[in-house]
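Geometric and topological summary
One-letter residues, chain by chain:
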Amino acid sequence: MFPPFDEKEAYSLCLKISENLRNGSYSIYSSSMESVERKNFPVMLGSLICKDKNNEKVKLFAISGSTKKIKKNKDDDLIFVDAIVSAEQIEKALEKNDDEIHALTNTINSYSGSTEVLESLKKKRLELTSQSQKNVFNLYSFYCIDGKKRSLKEICTNNFPPTGTGECCEPKLLNYAFKNNLQPLSMAEILFRRDEKIEEQDIKAIPPCDERCSLILPSMLGIKILYRDEDIIVVNKQSGLLSVPGRGPDKQDCIVNRVKKIFPGCIQQPAVHRLDMETSGIMVLAFTKEAHKNINKQFEEGLVQKKYVALLDGILPKLKIPNEGQMELYFRLDIDNRPHQIWDEVNGKKAVTQWKILGVERYTDPHGKTTNATRVLFIPHTGRTHQLRLASADKHGFNVPIIGDTLYGKCTLGQRLMLHAQYIKFTHPTTGQTMEFTCPAEF
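Definitions and cut-offs
- Residues numbered from 1 in each chain as written.
- Predicted model: local features only at pLDDT ≥ 70, side-chain atom pairs only at ≥ 80, totals over all residues.
- Heavy atoms only, no water.
- Axes fitted to C-alpha atoms, helices over the stretch in contact; angles between N-to-C directions.
- Helix = DSSP H or I, 4+ residues; strand = E, 2+ residues; numbered from the N terminus.
- Parallel < 35°, antiparallel > 145°, perpendicular 65-115°, else oblique.
- Contact = heavy atoms within 4.5 Å.
- Nonpolar A, V, L, I, M, F, W, Y, C, P; charged D, E, K, R; others polar.
- Salt bridge = Lys/Arg side-chain N within 4 Å of Asp/Glu carboxyl O.
- Buried < 20%, exposed > 50% of the residue type's maximum accessible area, 1.4 Å probe, protein only.

1. Thoughts on the packing of helix α3 (residues 87-110) against helix α4 (residues 115-137)
In a pair of packed helices, the angle between the axes and the distance between the axes together describe the arrangement. Contact geometry for α3 and α4: axes closest at 9 Å, N-to-C directions at 170°. Taken together, the axes of α3 and α4 lie roughly antiparallel to each other. Residues I90, A93, L94, N97, E100, I101, L104, T105, T107 and I108 of α3 form the contact with α4, whose own contacting residues are L118, L121, K122, K124, R125, L128, T129, Q131, S132, N135 and V136. Per-class residue counts for the contact of α3 with α4 are 10 nonpolar, seven polar and four charged.

This is the structure we're talking about:
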């Protein structure tokens, strides 16, 4: 996972904490019995530099896990952030099934009967351990940047998180910051080995882990950051969220405003392009006016390369549509039915779209209904409104709408538009470096 904030200042603080632990002015202790084997295991140290409502800096630090704590000097202005869920709470959540799990384990280890019975015992143990883990996960909830508190169950709706989710440094630090209305400025994490002496230059900042933190931090921050530097930020926009604010108070929640809330030093209008509200995928924004102007020009001159993937509601090969090709269509706004676009060969703007059929597959909607679908790669060479939705649905295109298209197809309750911006390539506005990003679709 890409580090959501600048690491420099927080990394220096991590080094200071590491040195304090080595010279004995700080000490690590455990709130529960610790095995001899684990006593000298490496631990993750994390820090977060924030500012409060008076623009005063607040320095936070944490250690990974639910049992370990750090004792610091009383005169130190650093704030140690404890575990979100204590070891005692976790132990209590586990103890309900603990005796039965241990009994099953002893039976399994000594059992010499039929394979069928053995598998049944293992299945029962797995059910109990899964339930125990769910009991632990139900204890976790996190304060988010919008002021709301979200449970781990609410955040991880589509997958069962791995053991230890929520015990990394970053969720602890951000949870404390958002709970106390602090503005994050810099965040970093390092690996601390208690039994080794390592030169400072060999201690590297470690980004938030993909296994656990990537499940939580995007929900806490409101966006999933793919890349960030002083000039630009690249995010993965979720389906159903506006790119830029609309008219009225009910249309202010959008990628632009979420980015500005996390990075208040951002320019007023950072978006250099837009995605439809229902489309998910890669979106680029600029932090400075110079970067915005540069990338905007690249879009205007057709220098930015984009690729989308879509699931279409039907089988294109049966309609004798070639596996790949390019189409030129002409559309304009239907002024009597905004925001729909309609075919107009005379007054319409030309939309050039390259396509490649990736395959035919079965699609299951949120209600369990299964249909045939065609996965298509789209490469737009122009940037017209609803260009890919029209290339799919209009009779001058494929005449097969994208699944979940509320404007040009059909969309059932709980369904989303199956269109995702999965690739972008452009030139960095300051360094001149070629920037390429790929973000696979979740469908």
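2. Concerning the pattern of salt bridges
Summed over the entire model, instances satisfying the criterion amount to 10 salt bridges. The shortest N-O distance in the salt bridge between D82 and K69 comes to 2.4 Å. A residue pair is termed long-range when its members are at least 10 positions apart, and D82 in the loop between β5 (79-80) and α3 and K69 in strand β4 (residues 68-71) qualify at 13 residues. You can call D82 partly exposed: its relative accessible area is 33%. Between R375 and E361 there is a salt bridge; the shortest N-O distance is 2.9 Å. Of the two residues, R375 sits in strand β16 (residues 370-380) while E361 sits in strand β15 (residues 349-364), which places them 14 residues apart along the sequence. Accessibility expressed as a relative area gives 17% for R375, which makes it buried.

3. Digging into helix α7 (residues 213-221)
The α-helix advances 3.6 residues per turn, and as a result positions three or four apart in sequence lie on the same side. Within α7, burial applies to C213, I216, L217, P218, M220 and L221. As for α7, its buried residues are in contact with β6 (141-143), α5 (152-155), α6 (169-179), β9 (224-228) and α8 (255-262). A positive phi of about 90° marks G222, the residue just after α7.

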